[in-house]
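Analysis of the macromolecular model
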Amino acid sequence: MSKKVILVTGSSSGFGRLISEALARAGHQVYASMREIDGKNAVNAQQIVELSRAESLSIKPLELDVQSELSVEQAVTTIIDECSMIDIVVHNAGHMMFGPAEAFTPEQFAQQYDVNVLGAQRLNRAVLPHMRKRHEGYLIWISSSSSAGGTPPYLSPYFAAKAAMDSLAVQYARELSRWGIETTIVVPGAFTKGTNHFAHSGHPEDIECVNEYENGPYANFSEQIQNSFAEIVPEDARPDPVADMIVEAVSKPFGDKPFRILFDPTNDGADVGFAVLDRLRAEMLHRVGLSDLLTPSAK
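First, a word on scope: everything that follows refers to the structure included in this document. (Residues numbered from 1 in each chain as written. Predicted model: local features only at pLDDT ≥ 70, side-chain atom pairs only at ≥ 80, totals over all residues. Heavy atoms only, no water.)

1. Brief notes about unusual backbone geometry
Under the convention used in this document: Strands here are runs of E lasting at least two residues and helices are runs of H or I lasting at least four, both read from the DSSP assignment and numbered beginning at the N terminus. Buried residues are those whose accessible area, probed at 1.4 Å on protein chains only, stays under 20% of the maximum for their type, while exposed residues exceed 50% and partly exposed ones sit between those limits.
In this model, S84 sits at a positive phi of 70°, which is unusual for a non-glycine residue. Residue position: S84 is located in the loop between helix 3 (69–83) and strand 4 (88–91). According to the relative accessible area criterion, S84 is exposed, its value standing at 59%. Residues other than glycine seldom take positive phi values, yet H135 does so here, at roughly 55°.

Okay, here's the thing in structure tokens:
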């Protein structure tokens, strides 16, 4: 397998950290990006540096805030200056919020879209010109089974943003296929262990509204959701296989990479939902004579 230059967003912990380390151990040059590598993520950045030294891996922490266009452009420029190319981008950066939808302000919803959707758009606009010039590249999007499977309430900002990201990934796949740029959409289920999604989740700012829910027919509903949800996640469920699946996808030759990868120990039905959605979308492209967009074109 040839060594690839890979940029992974949101690599301070969780899926991003696992993916970055797995790809580095597979022999690739990995830029594990995160915000504030000299601030709140200084320890995480140093751990990556120490891992690189201990295992002789080509992995480096990189400052990148997907909510800042300047930060994104500087990160991409750094990689291009050092490696002359970026082969693969893993869109992983994301943030979760938990609580009744009504209690979140519009600004909080906007923040979710900014991280999960606009962040990916900022990075694409910075990196795709380089990929299109080479007629070569690979985008990997970390989606969510919530976009087509069974979902618990109280996660609406996150689910709405992830659904938007998934739709964006599908459209990009069609619009980049003639440039020879490949796409894989990774669909993990929910994990209560091995990631910090739930531990670091945000909460509604409208406390008065939250209290009305808690003192009304939805009393103790937050606890009920979390307890019920935890019960359907197998005790041994770990997110590590997601990173291993991505390593395998990266190793596949041009044209053989999977459009979707699903890994959901809870079996929430997303495999069925996405199978139907993707088939319907493919059938429409066949009907209008654009079926070539379903597979990337070689140079």
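2. Observations regarding the packing of helix 5 (residues 156–176) against helix 9 (residues 270–287)
What counts, and what does not: For helices, the fitted axis covers only the stretch in contact; all axes are lines through C-alpha atoms, and the angles between them, taken along N-to-C directions, range from 0 to 180 degrees. By the definition used in this description, the sense in which the near helix is turned from the far one sets the handedness, with an anticlockwise turn below a right angle giving left-handed and a clockwise turn giving right-handed. Throughout, a contact is declared for two residues whenever any of their heavy atoms are within 4.5 Å.
Running from amino to carboxyl end, helix 5 crosses helix 9 at an angle of 35°, the nearest separation of the two axes being 13 Å. Handedness of the crossing formed by helix 5 with helix 9: right-handed. Counting all contacts with helix 5, which are made through D166, S167, V170 and R174, the residues of helix 9 involved are F274, R281 and L285.

3. With respect to the pattern of salt bridges
Here is the rule we go by: Each reported salt bridge corresponds to a side-chain nitrogen of Lys or Arg within 4 Å of a carboxyl oxygen of Asp or Glu.
With the rule as written, the count across this model stands at 14 salt bridges. As a salt-bridge pair, E182 and K257 come within 3.0 Å of each other at their nearest N and O atoms. Linking E182 in strand 6 (residues 181–188) with K257 in the loop between helix 8 (240–251) and strand 7 (260–263), this pair joins segments that are 75 residues apart in sequence. Each of the two residues, E182 as well as K257, counts as buried. Several salt bridges converge on common partners, so that one network encompasses R17, E21, R25 and E55.

4. Quick notes on the side chain of N44
In this fold, N44 is placed in helix 2 (residues 42–55). Sequence-distant contacts of N44, defined by excluding residues within four places in its chain, comprise S12, R17 and M34.

5. Thoughts on the layout of surface pockets
Gaps left between atoms show up when a probe the size of a water molecule is rolled over them. Put simply, the rule is: Definitions used throughout: a 1 Å grid over protein atoms alone; a cavity as a set of points that fits a 1.4 Å probe which cannot get out; a pocket as an open set with protein on both sides within 12 Å along at least five of seven lines; a lining residue as one with an atom within 4 Å of a point. Grid points are joined across faces, edges and corners, and a volume is the space filled by probe spheres set on the points. Three classes are used, and their members are as follows: Ala, Val, Leu, Ile, Met, Phe, Trp, Tyr, Cys and Pro are nonpolar, Asp, Glu, Lys and Arg are charged, and the others, Gly among them, are polar.
Here the second largest pocket defines a volume of roughly 270 Å³. For the second largest pocket, the lining is made up of 18 residues, of which K4, E136, E182, F254 and K257 are closest to its centre. Within the residue set of the lining of the second largest pocket, elements represented by two or more residues are strand 5 (137–142) and helix 8. Here the lining of the second largest pocket is built from residues that sort into six nonpolar, five polar and seven charged.

6. Observations regarding empty space enclosed by the protein
Per the counting criterion, the structure on display carries one cavity of 30 Å³ or more. Computed from the structure, the largest cavity encloses a volume of approximately 50 Å³. The leading source of residues in the lining of the largest cavity is helix 4 (residues 106–134), at five residues.

7. Brief notes about the packing of aromatic side chains
Which entries qualify depends on this criterion: Under the pairing criterion, centres of Phe, Tyr and Trp rings, with the six-membered ring standing for Trp, must be within 6.5 Å; the plane angle then separates stacked pairs below 30 degrees from edge-to-face pairs above 60, leaving the rest tilted. For a lysine, the NZ atom is tested; for an arginine, the CZ atom; a charge sits over a ring if that atom is within 6 Å of the ring centre and within 35 degrees of the ring normal.
Evaluation of the coordinates by the stated rule reveals seven aromatic pairs. Taking the centre distance of 5.8 Å and the plane angle of 50° together, the rings of Y213 and Y218 count as tilted. Its relative accessible area of 37% is what places Y218 among the partly exposed residues. Taken together, the aromatic side chains of F98, Y154, Y213, Y218 and F221 make up a single cluster linked through ring pairs. Above the plane of the ring of W179 lies R132, whose end atom (NZ or CZ) is 4.9 Å from the centre. Above the face of the Y138 ring, K257 is positioned so that its terminal group lies 5.2 Å from the ring centre.

8. Here's the deal with the sheet that holds strand 4
Selection criterion: A pair of strands is considered paired only if DSSP assigns at least 2 bridges between the two.
Spatial ordering of the open sheet is given by 3-2-1-4-5-6-7, a layout of seven strands whose pairing is parallel. A strand with exactly one partner marks an edge of an open sheet, and here the two such strands are strand 3 (59–63) and strand 7. Each strand axis lies, on average, 20° off the axis of its neighbour in the sheet, ignoring direction. Bridging between strand 1 (residues 5–8) and strand 2 (residues 29–34) involves four bridges; their strand directions are parallel. Bridged to V8 within strand 2 is A32. In this fold helix 1 (residues 14–25) packs onto strand 1, strand 2, strand 3, strand 4, strand 5 and strand 6, with an angle of close to 170° to the strand it touches most, strand 1. Contacts between helix 9 and the sheet are confined to strand 6 and strand 7, with strand 7 contributing the most and set at about 165° to the helix.

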